[in-house]
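Now for the letters of each chain:
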Amino acid sequence: MSMPRWIKFALAALVAFSLVPLVVAYRYRQVKKPRPRLHLVFDMDAQAKLRSQQESALFADGRAMRPAIEGTVPRERIVGRPELTEGRRPDGSFVESFPVPVDLELLARGRDRFNIYCAPCHGWDGYGQGPVARRADELQEGTWVPPSSLHDKPVRERPVGQIYNTIRNGIRNMPAYGPQIPVHDRWAIVAYVRALQRSQNAPLEDVPEPQRSSLR
Ligand code: HEC
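Residues numbered from 1 in each chain as written. Predicted model: local features only at pLDDT ≥ 70, side-chain atom pairs only at ≥ 80, totals over all residues. Heavy atoms only, no water.

Attention now goes to the overall build of the protein. Looking only at helices and strands, one finds 10 helices and zero strands in the protein. Written out in order from the N terminus, the α and β elements of the protein read α-α-α-α-α-α-α-α-α-α. Counting only C-alpha atoms, the protein reaches 110 × 65 × 30 Å along its principal axes. Counting only residues that meet the buried cut, the protein has 24% of its 216 residues in that class. In the protein, the proportion of contacts linking residues at least 24 apart, taken out of those at least 6 apart, comes to 48%. When the accessible surface of the protein is summed, it comes to about 16700 Å², and 57% of that surface belongs to carbon and sulfur atoms. Between the averaged position of the 32 positive side-chain charges in the protein and that of its 23 negative side-chain charges there is a distance of 13 Å. (Helix = DSSP H or I, 4+ residues; strand = E, 2+ residues; numbered from the N terminus. Buried < 20%, exposed > 50% of the residue type's maximum accessible area, 1.4 Å probe, protein only. Contact = heavy atoms within 4.5 Å. Areas by Shrake-Rupley, 256 points an atom, 1.4 Å probe, with all protein chains shown as cover. Lys, Arg positive; Asp, Glu negative; His and termini not counted. Charge placed at Lys NZ, Arg CZ, Asp CG, Glu CD.)

What follows is the structure in structure tokens.
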């Protein structure tokens, strides 16, 4: 006994029709359109907001942008001391000595901050093998720029002001940490970086006289 012809026909038509949504969806994904596609769930994509330079009836002066409140201080709060806040002399060159007193307390703070902010990439010892760097090596994505070793000669020879500037503004592929690390902590980290560098490249004269012969 075979199926009546019209049922076969109807089944085939049904199967063909069921493919239509798939084909339409596929086509939508392939073609480019000047306007956004059908947008069923808006999430927070479109919301009422004021843009800069717009007018707004909300404020008495009619401006959407608000002027700075009287007495607003600059983000870094210290003004007129570029040696401290920028690591540069007024002529723009990097300072070679610390603008803050370097003592054990500063170094301890620097180690604490370094281990939080820098070690994930540069490693706890500064050789550039932190967990982020090792993970990136594992993934082998090819776009990763490895963190510099802080013990390379050129980095060791950078003036302290330049290391400070690297923390504050970032350098090449390294992002800026200025927005997260305040001025005093940046200098603490620089001091600790110097201590790390010294620990790996100390001259013999740094070792007390009685112990020197044991090293030679
Ligand atoms: C997200 C990873 C990452 C973190 C976190 C990070 N760095 Fe880097 N750092 C890099 C990379 C990558 C480079 C090399 C950039 C390049 O050559 O493009 C670099 C380079 C440097 C250099 C060498 C710059 C030069 O003069 O050549 C110094 C110094 C340095 N970082 C210090 C720090 C300090 C201090 C911290 C913590 C405040 C820190 N970095 C945090 C990734 C990082």
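Read on, since the account is not over.
It is worth spelling out the packing of helix H4 (residues 104–117) against helix H9 (residues 183–200) at this point. In the contact formed by H4 and H9, the axes pass within 7 Å of each other and the chain directions differ by 90 degrees. For the element pair H4 / H9, the angle class is roughly perpendicular. Mapping the contact onto sequence places Leu106, Leu107, Arg109, Gly110, Arg111, Arg113 and Phe114 in H4 and His184, Asp185, Trp187, Ala188, Ile189, Ala191, Tyr192, Val193, Ala195 and Leu196 in H9. The class makeup of the residues in the contact of H4 with H9 is 11 nonpolar, two polar and four charged. (Axes fitted to C-alpha atoms, helices over the stretch in contact; angles between N-to-C directions. Parallel < 35°, antiparallel > 145°, perpendicular 65-115°, else oblique. Nonpolar A, V, L, I, M, F, W, Y, C, P; charged D, E, K, R; others polar.)

In this model, H4 (14 residues) spans 20 Å end to end at C-alpha, consistent with the 20 Å of a helix rising 1.5 Å per residue. Listed in full, the buried residues belonging to H4 are Leu106, Gly110, Arg113 and Phe114. For H4, the angular spread of the buried residues around the axis is 105 degrees, confining them to a single face. Facing away from the buried side of H4 by more than 90 degrees, the exposed set consists of Leu104 and Glu105. Here the buried face of H4 lies against helix H5 (119–122) and H9. (Expected span 1.5 Å × (residues − 1). Arc of directions from axis to C-beta.)

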